[in-house]
Amino acid sequence: GSSTKVQNDLDKAIVLIVPGITGGSHNNYVRQLVLNGHANKCRTLVFNNRGCAHSTLLTPRTYSGCNTEDIGLTVSTLTERYPNAPIVMVGVSLGGMITTHYISSPECLKSNVKAAVVISAPWNSFATSESVNEPLNHMLYEMYLLGKLKNILATHKHLYLNKRLPVNYRHIMKAQTLREFDDRFTSKMFGFKDWKEYYTNGHPFKKLPYIDIPTLIINAEDDPLSPMEYLPFAEVDENPNLALVLTKTGGHIGFLEGWLPSGPNWLNRAVEEFIKIMIFTDFLKSAEYTESTDVPTDYY
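Residues numbered from 1 in each chain as written. Predicted model: local features only at pLDDT ≥ 70, side-chain atom pairs only at ≥ 80, totals over all residues. Heavy atoms only, no water.

Asks: Could you give an account of the overall build of the protein chain, naming the residues involved and the relevant values?
Replies: Check the secondary structure of the protein chain and you find 13 helices and six strands. Each of the 300 residues in the protein chain was classed as buried or not, and the buried ones make up 52%. If you take every contact in the protein chain between residues at least 6 apart in sequence, the share linking residues at least 24 apart comes to 73%. Carbon and sulfur atoms provide 54% of the accessible area of the protein chain, an area that totals close to 14800 Å². (Helix = DSSP H or I, 4+ residues; strand = E, 2+ residues; numbered from the N terminus. Buried < 20%, exposed > 50% of the residue type's maximum accessible area, 1.4 Å probe, protein only. Contact = heavy atoms within 4.5 Å. Areas by Shrake-Rupley, 256 points an atom, 1.4 Å probe, with all protein chains shown as cover.)

Asks: Can you break down the pattern of salt bridges residue by residue, with the values?
Replies: Tallying each qualifying case throughout the model produces five salt bridges. Salt-bridge contacts for Glu69 lead to Arg61; the nearest nitrogen and oxygen are separated by 2.8 Å. Linking Arg179 and Glu130 is a salt bridge whose minimum nitrogen-to-oxygen distance equals 2.9 Å. Of this pair, Arg179 sits in helix H9 (residues 178-189) while Glu130 sits in helix H6 (residues 125-132); the two residues are 49 residues apart in sequence, bridging distant segments of the chain. (Salt bridge = Lys/Arg side-chain N within 4 Å of Asp/Glu carboxyl O.)

Asks: Hey, could you go over the side chain of Glu142 for me, with residue numbers and the actual values?
Replies: For Glu142, the location among the structural elements is in helix H7 (residues 135-155). Buried charge without a salt bridge: Glu142, with Arg179 as the nearest opposite-charge side chain at an N-O distance of 7.2 Å. (Lys, Arg positive; Asp, Glu negative; His and termini not counted.)

Asks: Would you mind going over H7 in detail, with residue names and values included?
Replies: Taking 1.5 Å of rise per residue, 21 residues should cover 30 Å, and H7 covers 28 Å from first to last C-alpha, within 8% of that figure. Along H7, the sharpest kink reaches roughly 40 degrees, centred on Glu142. For H7, the full list of buried residues reads Asn137, Glu142, Leu145, Leu146, Leu149, Lys150, Ile152 and Leu153. Those residues of H7 that are buried lie in contact with H6, helix H8 (169-173) and H9. (Expected span 1.5 Å × (residues − 1). Bend = angle between axes of the 7 residues up to and from the residue.)

Asks: Break down the nonpolar core for me, citing the residues and quoting the values.
Replies: In this structure, Ile71, Met89, Ile103 and Val113 are the most contacted members of the largest nonpolar core, which totals 56 residues. Counting residues in each nonpolar core, the second largest holds 25 residues, with Ile17, Val34, Ile275 and Phe280 among its members. (Core = buried A, V, L, I, M, F, W, Y, C linked by side-chain atoms within 4.5 Å.)

Asks: Explain H9 to me, and be specific about the residues and the numbers.
Replies: What H9 keeps buried is the set Leu178, Phe181, Asp182, Arg184, Phe185, Thr186, Ser187 and Met189. Packing partners of the buried residues in H9 comprise H6, H7, H8 and helix H10 (195-202). Once H9 ends, the next one or two residues include Gly191, with phi positive near 85 degrees.

Asks: If you had to explain the environment of Met189 to someone new, which residues and values would you point to?
Replies: For Met189, the position within the fold is in helix H9. When the C-alpha atoms of Met189 and Pro60 are compared, they prove to be 8.3 Å apart, with 129 residues separating the residues in sequence. The residues touching Met189, leaving out its near neighbours within four places in the chain, are Pro60, Arg61, Pro166 and Val167.

Asks: Any chance you could break down the packing of aromatic side chains for me, citing the residues and the numbers?
Replies: Evaluated as defined, the whole model comprises eight aromatic pairs. Look at Trp195 and Tyr199: their rings are 5.4 Å apart centre to centre, the planes differ by 75 degrees, and that puts the pair in the edge-to-face class. Residue Trp195 and its partner Tyr199 are located together in helix H10, separated by four residues, close to a single helical turn. A relative accessible area of 16% places Trp195 in the buried class. On the basis of relative accessibility, which here comes to 6%, the residue Tyr199 falls in the buried class. (Phe/Tyr/Trp six-rings, centres within 6.5 Å; stacked < 30°, edge-to-face > 60°.)

Asks: Any chance you could break down the confidence of the model for the protein chain for me, citing the residues and the numbers?
Replies: When pLDDT is averaged across the protein chain, the result is 90; 89% of the residues are at 70 or more. Of the regions scoring below 50 in pLDDT, residues 283-300 engages in 29 contacts with residues more than four places distant in sequence or in other chains. (pLDDT = per-residue confidence, 0-100.)

Asks: Break down the pairing of strand E3 (residues 87-92) for me, citing the residues and quoting the values.
Replies: Summarising burial for E3: six of the six residues are buried, a large majority. By the alternation rule, side chains of E3 split into Ile87, Met89 and Gly91 and Val88, Val90 and Val92, which are all buried. The sheet contact formed by strand E1 (residues 14-18) and E3 spans five bridges and is parallel. Note that in E3 the partner of Ile17 across the bridge is Val90. Of the pairings in the sheet, the one linking E3 to strand E4 (residues 113-119) comprises six bridges and is parallel in character. Pairing of Ile87 across the sheet is with Val113, part of E4. (Pairing = 2+ DSSP bridges.)

In structure tokens, the structure reads:
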């Protein structure tokens, strides 16, 4: 009856997408991932970091790659509101760092997060900082991302003129690199002495041994923000919950294909397939869910 349908809706699996450094629900790559969730009949949610996706900052604090307070509150709220709904997290770039920090925490074990995908994450913050500062990468990536970060602060300038804050707005806006921005702003706002201490604490590869849920890691050999020599091969080998897919090409969140690359690509097919497998592994005993969903027999 109708009560059964309502219960099924409440128990629908949830795909929680955590975008990149200045990304949000308005970005095309995020919208494609939303479609991957919808294809599996999931409730799909995009976690927009503070100040991103044209949101208004209410406090001076934004976000960092190793702080999980905001994502933790989001997950705990979802778990409380939908206690029978499994959650699959999909983190991209900086969102992959945040996701890795969260799913490796004790807090995750108390939640409904059952699986995760980590896409194009920078595994070593120092290596990423060096690579993105190389001349070509600086022009293609760093200047653009730095401009977007500064724009978030400039839009909310009134919040940063408070002399009690541990940062100097004018000094921040003169930053020429992401490292300088992190040294003058991010590190200070999250209680670190400087960029070195922040990056040391932010390394996601250190968290991989503590992940207890199935996690698919996707990186490309030619990703300028995640140099191949720093990919976490050893850590993945030592944890049976992890699988690393390394493509020859793909760049940073690219994975384009075809002569006129647009719409869904290999990455989207891989994510959609992984979500499908994780959902129906978790829901094998749920007759109501499997009967109402088109499930290939080879998933049983």
